[in-house]
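Coordinates in review
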2 protein chains.
Amino acid sequence: MPVHQQDFLGALSAVTIFGPGLIGGSLGLALQKRLPDCDLRFWTRASSVEKTAAVFPSALVTHDACKAVEGASLIVFCCPVEAMEKPAREMANAVDPGAVITDAGSVKAAVVRMMEPLFGNRFVGAHPMAGSEQSGVQFANDSLYEGATCILTPTETTSKEALAQVNDFWSLAGCRTLQMSPEHHDRLVARSSHLPHALASALVNTVAETTPEALEVTGSGFRDTTRIAAGPESMWAGIFLENRREVLAALGELHQKIDDFAGFLERGDYEAMEKFLSRAREVRKDLE
Amino acid sequence: MPVHQQDFLGALSAVTIFGPGLIGGSLGLALQKRLPDCDLRFWTRASSVEKTAAVFPSALVTHDACKAVEGASLIVFCCPVEAMEKPAREMANAVDPGAVITDAGSVKAAVVRMMEPLFGNRFVGAHPMAGSEQSGVQFANDSLYEGATCILTPTETTSKEALAQVNDFWSLAGCRTLQMSPEHHDRLVARSSHLPHALASALVNTVAETTPEALEVTGSGFRDTTRIAAGPESMWAGIFLENRREVLAALGELHQKIDDFAGFLERGDYEAMEKFLSRAREVRKDLE
């Protein structure tokens, strides 16, 4: 029998967040606001305990993974994807058998493959599409998730009850949720998120290396197009490598489009160029 | 003897703007505010006379190029680059011999090559790096040029006096000016402005054609990176083709960087990937 939102969220007495940076810290602030009676616990690297405690003075902040999950009925992994496995293995046997586990990672197939053997049908992969070029718990804000899309990636293994609870949880944080398979998620975000990031970084490096003087004459176009290149490199290197097959495919597709564009220039084909730009404008203007 | 800013701008009794869209209209509004006693005249396509007159009810708005420049001591071409030649030829013999002529075009070598035979040492090429993805005089605003960089592109032909006057004029509009040759300008903006636009459009078209469902799961990263793809296609097709040699070179440079990136993915080289992203982040964070 599915549990009602009020029942599950109302009964949520403790939530543990693993890896509170911008993403996990903002989730913590949103929970403090919306579930003021719920206990918050944070697991973080030893070196970040103090920084996290400064933002959440009344919460438990620890580097002990088992202690962090004691009594928690919901556990959220917000660390970079490649940093999830270690604490997940450490605490797997300490988790309350009724707890649900979710995450906020930017790739899903690899995460689900690693988590399901540990948590079985109580794990529900999630990717809240929120963030900024900033990183660190000190930039956390309680409205980061407002209106963001959160993709849930249940599998045949996932319990329907756990899915409903995790869905309610991310909705409470402010997200609009939708569901798809982990593999389809990775295929889509390779194009909507990873490809733009790779391009922004490649564009900055191209200009910096070939014509650094051009950086003195940039307008809002260059700044908008490259904003995400200011994001944290270690997190992004992890994302790209975890999703390498799809990112490589997406780069190949983009290559083809750039070649088409270069062809219009070489042939001086104004009409084809205008049509290419017009198609992009039509699609883009429907996005906001 | 160089004319002082006050002398030239103070004596400026009439300014003519050719092609008032977002760029020319915003310039007109800035002048109304800062030189309230100066007469404004606009030359525009016959079909746009009414629209322009609605924004500038007290100005002369005409499709007659000779009438538009009568008595004007400063003339600014704000039409798309490929649309400048026709009205420039029509009015060249009607211009006051003491008038200075400038423009706001996004490419400079082609414009200077066309204008100098018509106006000699009184023409000073300019590129105010301001704009948005919107177009049309109805979006004009009097602060578009505030803090924008304006590149002036004098040649050996250009009169020092005309250069000083045009410099004062764009400064009055709110710009920070700098000077370089038309060819160097085209080389730099191919990287800082034209390349990002081509990429943004190619990215939108790639996703729209290969995985349109990915457009349903975009975050702020995709939206920032592709914002300029919503710009007017006919203006941009003209810019790309006028600067085709440099844009092609820039696309080739970017191709190389994307190949480097793809190589890191293929080899699973986390360190090289992180270094690539870190370099981009360092450069990017210094831009704002």
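Shown above is the structure to which this text applies.
This report concerns the structure included in the present document. (Residues numbered from 1 in each chain as written. Chains lettered and ligands numbered in written order. Predicted model: local features only at pLDDT ≥ 70, side-chain atom pairs only at ≥ 80, totals over all residues. Heavy atoms only, no water.)

1. Looking at the overall build of chain A
The secondary structure content of chain A amounts to twelve helices and eight strands. What you see for chain A is a C-alpha radius of gyration of 21 Å, in line with the 19 Å of a compact globule of 288 residues. By the burial criterion, 60% of the 288 residues in chain A qualify as buried. Contacts in chain A between residues at least 24 apart in sequence constitute 72% of all its contacts with a sequence separation of at least 6. As presented, chain A carries roughly 11300 Å² of accessible surface, and 48% of it is formed by carbon and sulfur atoms. Taken together, the 26 basic and 37 acidic charged side chains of chain A have centroids lying 2 Å from each other. (Helix = DSSP H or I, 4+ residues; strand = E, 2+ residues; numbered from the N terminus. Rg over C-alpha atoms; globule rule 2.2 N^0.38 Å. Buried < 20%, exposed > 50% of the residue type's maximum accessible area, 1.4 Å probe, protein only. Contact = heavy atoms within 4.5 Å. Areas by Shrake-Rupley, 256 points an atom, 1.4 Å probe, with all protein chains shown as cover. Lys, Arg positive; Asp, Glu negative; His and termini not counted. Charge placed at Lys NZ, Arg CZ, Asp CG, Glu CD.)

2. Comments concerning the sheet that holds strand β3 (residues 60-62) of chain B
All names here are of chain B. Pairing in this open sheet of eight strands is mixed, and the strands run β3-β2-β1-β4-β5-β6-β7-β8 from one edge to the other. On the outer flanks of this sheet lie β3 and β8 (176-179), each paired with one strand and no other. Averaged over neighbouring strand pairs, the angle between their axes works out to 20° when direction is ignored. Pairing of strand β1 (residues 14-18) with strand β4 (residues 74-77), which is carried by four bridges, proceeds in the parallel orientation. Its bridge partner lying in β4, threonine 16 is registered against isoleucine 75. (Pairing = 2+ DSSP bridges. Axes fitted to C-alpha atoms, helices over the stretch in contact; angles between N-to-C directions.)

3. Quick notes on the relation of the copies chain A and chain B
One copy of the chain maps onto the second through a rotation around an axis plus a translation along that axis. Expressed as a screw operation, the relation of chain A to chain B combines 0.0 Å of axial shift with a rotation of 180°, fitting to an RMSD of 0.0 Å. Considering both components of the superposition, the chain copies are consistent with a two-fold axis. For chain A, the residue whose C-alpha comes nearest the rotation axis is A:Thr225, separated from it by 1.9 Å. Mapped onto chain B, 100% of the interface residues of chain A are again interface residues, and the two copies thus contact each other with one and the same surface. (Least-squares fit on C-alpha atoms with pLDDT ≥ 70 in both.)

4. Describing the environment of B:Gly120
Here B:Gly120 is to be found in the loop between α6 (109-119) and β6 (123-128). Considering only alpha carbons, one finds B:Gly120 and B:Ile101, 19 residues apart in sequence, at a separation of 9.7 Å.

5. Section: the packing of aromatic side chains
Summed over all chains, the structure comprises 18 aromatic pairs over all chains. With centroids separated by 4.9 Å and ring planes inclined at 90°, the aromatic side chains of A:Phe261 and B:Phe240 adopt a geometry described as edge-to-face. With A:Phe261 in helix α11 (residues 244-267) and B:Phe240 in helix α10 (residues 233-242), the pair connects residues from two separate chains. Across this residue pair, the class does not change: A:Phe261 and B:Phe240 are buried. Aromatic side chains B:Phe169 and B:Trp170 sit 5.5 Å apart centroid to centroid with 75° between the ring planes, which places their arrangement in the edge-to-face category. You can call B:Phe169 buried: its relative accessible area is 0%. When its relative accessible area of 0% is taken as the criterion, B:Trp170 is described as buried. Counting every residue linked through ring pairs, the aromatic cluster contains A:Trp236, A:Phe240, B:Phe261, B:Phe264 and B:Phe276. (Phe/Tyr/Trp six-rings, centres within 6.5 Å; stacked < 30°, edge-to-face > 60°.)

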